[in-house]
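Results of the structural survey
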Amino acid sequence: MVLQTRILPFGADSIAEAARLILDGQVVAVPTETVYGLAADATNAEAVAGIYAAKGRPSFNPLIIHVLSLDAAERIGEFGDGARRLAKRHWPGPLTVVVPRREDAAIASLATAGLQTIGIRVPNHPAMQALLQAVDRPLAAPSANASGSISPTRAEHVLKSLGGRIPLIIDGGQTERGLESTIVAATDGLLRLLRPGPIEIDAELASGAQIEAPGQLASHYAPSKPLRLRATGAAQDEFLIGFGAIGGDANLSAGGNLTEAAANLFDLLHHADASAKPRIAVAPIPNEGLGFAINDRLRRAATR
Ligand code: TXA
Ligand code: MG
């Protein structure tokens, strides 16, 4: 089915329209502080199925459930001390905690892919918060891109990837963080980093904590072209994404600032993907601080 996809600027009218669609069981793209999310009513299994359908995502992949507060989170997940401490420190913000799912949680099991655990996040973006307020229920929302392509940091990215498959995109401009949330599992008394992200959590994890590969396909972040890492220069047929002194065709951060680089990462990958050059190269990014999360995404983008 081909839908006409509207893009409306974030405001009271567009949120009211988005809420109407979501309560009708449809899916809507909405900005968060990390990337754009594809939101649906998490209590409605058919609505959640609509997310998988729009993304073309393998249905075994669990979705992050967005709520307005820790109180609301504790109605759907079992929080131990470690999880609660992390939530209090970082919510609202770009942190997802995976905790045991409460037996009485009013969440479609499809949203958690049938798992006994649930990934929960309290987002810090006025559009997502206004939408949560308006619908007054948890929203399941993966990144608003077709499965296997790059996460969207602008409304235009969503349109390119999901245009014709969803009725509405709320346009809130470029997302501030540009990287998906940090994911920490707190399911067995231990805290484990499942996905590095904007919040650097290492020091807060229990000693001996492992860094596990996220529950994602290795090629999750792949652009449509081959990508070469740690490039100090470009071949003729390469679009070079620079960093610091390595200028390239576009630069993640000329000043070598990793926060700026993270915010620009997916934007420049989209840009490189859309360029006339058949290959992409990326300058070396130091493996420290946010560079760790950036390199994680780049390695995935290079695995195809
Ligand atoms: O910043 C973000 O997290 C964005 C915005 C929209 O909130 N969302 C996002 O969702 O990145 P998505 O679906 O693209 O990535 C969610 C990741 C997936 O890799 C999924 O496997 C993992 O979270 N996840 C969700 N629930 C989980 C669970 N119960 N156990 C383990 N991993 C889980
Ligand atoms: Mg995603």
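Since the structure is predicted, the reported quantities are computational estimates derived from the model, not experimental observations. (Residues numbered from 1 in each chain as written. Chains lettered and ligands numbered in written order. Predicted model: local features only at pLDDT ≥ 70, side-chain atom pairs only at ≥ 80, totals over all residues. Heavy atoms only, no water.)

1. Quick word on the sheet that holds strand β3 (residues 36-41)
In space, the 10 strands of this open sheet follow the order β1-β8-β2-β3-β7-β4-β6-β5-β9-β10, with mixed pairing throughout. In this open sheet, the two edge strands, each paired with only one partner strand, are β1 (6-9) and β10 (192-195). Sheet topology places strand β5 (residues 95-100) next to strand β6 (residues 117-121); four bridges connect them, and they run antiparallel. If you follow P100 over to β6, its bridge partner there is T117. Along the sheet, helix α1 (residues 12-23) contacts β1, β2 (28-31), β3, β7 (139-140) and β8 (168-171); its crossing angle with β8, the most-contacted strand, is approximately 150 degrees. (Pairing = 2+ DSSP bridges. Helix = DSSP H or I, 4+ residues; strand = E, 2+ residues; numbered from the N terminus. Contact = heavy atoms within 4.5 Å. Axes fitted to C-alpha atoms, helices over the stretch in contact; angles between N-to-C directions.)

2. Brief notes about the environment of I64
Along the chain, I64 turns up in strand β4 (residues 64-66). For I64, a relative accessible area of 17% gives the class buried. Between the C-alpha atoms of I64 and G119, which are 55 residues apart in sequence, the distance is 4.9 Å. Setting aside residues no more than four positions away along its own chain, I64 makes contact with T96, G119, I120, R121, L139, A140, A141, S181, I183 and R195. (Buried < 20%, exposed > 50% of the residue type's maximum accessible area, 1.4 Å probe, protein only.)

3. What to know about helix α5 (residues 126-135)
Restricting attention to buried positions, one finds in α5 the residues A127, M128, L131, L132 and V135. On an axial view of α5, the arc spanned by its buried residues comes to 135 degrees, and they lie on one face. Close packing links the buried residues of α5 with α1, β2, β3, β4 and β7. D136 sits one or two positions beyond α5 and adopts a positive phi of about 55 degrees. (Arc of directions from axis to C-beta.)

4. Side note on the pattern of salt bridges
Side chains bearing opposite charge may pair, as long as their charged atoms lie close to each other. Per the counting criterion, the structure on display carries 13 salt bridges. Linking D41 and R137 is a salt bridge whose minimum nitrogen-to-oxygen distance equals 3.0 Å. Of the two residues, D41 sits in strand β3 while R137 sits in the loop between α5 and β7, which places them 96 residues apart along the sequence. Residue R137 is classed as partly exposed on the basis of its relative accessible area, which comes to 32%. We note a salt bridge from D188 to R192, for which the minimum N-O separation is 4.0 Å. Within the structure, one salt-bridge network assembled from shared partners comprises E180, D296, R297 and R300. (Salt bridge = Lys/Arg side-chain N within 4 Å of Asp/Glu carboxyl O.)

5. Section: the pairing of strand β9 (residues 182-185)
A two-sided burial pattern is seen for β9, the buried positions comprising T182 and V184 on one face and I183 and A185 on the other. Taken together, the three bridges between β9 and β10 define a ladder with antiparallel strand orientation. Residue pairing for β10: A185 is matched across the bridge by R192. Remark: six residues form the turn of the hairpin made by β9 and β10, two consecutive strands paired antiparallel; G189 in that turn has positive phi of roughly 80 degrees.

6. A closer look at the environment of G119
Considering the arrangement of structural elements, one finds G119 in strand β6. When the C-alpha atoms of G119 and L95 are compared, they prove to be 9.9 Å apart, with 24 residues separating the residues in sequence. Each residue touching G119, except ones within four places of it in the same chain, is listed here: L63, I64, I65, T96, V97 and V98.

7. Considering the sheet that holds strand β13 (residues 250-251)
One open sheet holds the four strands; their spatial order is β11-β14-β12-β13, and the pairing between them is parallel. Two strands in the sheet have a free side with no partner beyond their single neighbour: β11 (227-228) and β13. Against the sheet, helix α7 (residues 258-274) touches β11, β12 (238-242), β13 and β14 (279-282), its axis set at about 165 degrees to β12.

8. Thoughts on the nonpolar core
Grouped together as the largest cluster of nonpolar side chains are 48 residues, with contacts concentrated most on L38, F79, W91, I120 and I166. Those elements that place two or more of their residues in this core are β3, α2 (45-55), α3 (70-74), α4 (81-90), β5, β6 and α6 (155-162). A per-element tally of this core places α2 first, with five residues. Counting 26 residues, the second-largest nonpolar core is a separate cluster that includes L227, L252, A272 and I280. (Core = buried A, V, L, I, M, F, W, Y, C linked by side-chain atoms within 4.5 Å.)

9. So, α1
A rise of 1.5 Å per residue sets the reference length of α1, with its 12 residues, at 16 Å; its end C-alpha atoms lie 16 Å apart and thus fit the reference within 8%. Every buried residue of α1 is accounted for by S14, I15, E17, A18, A19, L21 and I22. Where the residues of α1 are buried, they touch β1, β2, β3, α5, β7 and β8. Positive phi appears at G25, one or two residues downstream of α1, with a value of about 90 degrees. (Expected span 1.5 Å × (residues − 1).)

10. A short note on the packing of aromatic side chains
Taken as a whole, this structure holds one aromatic pair when the rule is applied. For the ring pair F79 and W91, a centre distance of 6.1 Å and an interplane angle of 70 degrees mean the geometry is edge-to-face. One end of the pair, F79, is in the loop between α3 and α4; the other, W91, is in the loop between α4 and β5, and 12 residues separate them in sequence. A residue is classified by how much of its surface remains accessible, and F79, at 9% relative accessible area, is buried. Here W91 falls in the buried class, since its relative accessible area comes to 11%. (Phe/Tyr/Trp six-rings, centres within 6.5 Å; stacked < 30°, edge-to-face > 60°.)

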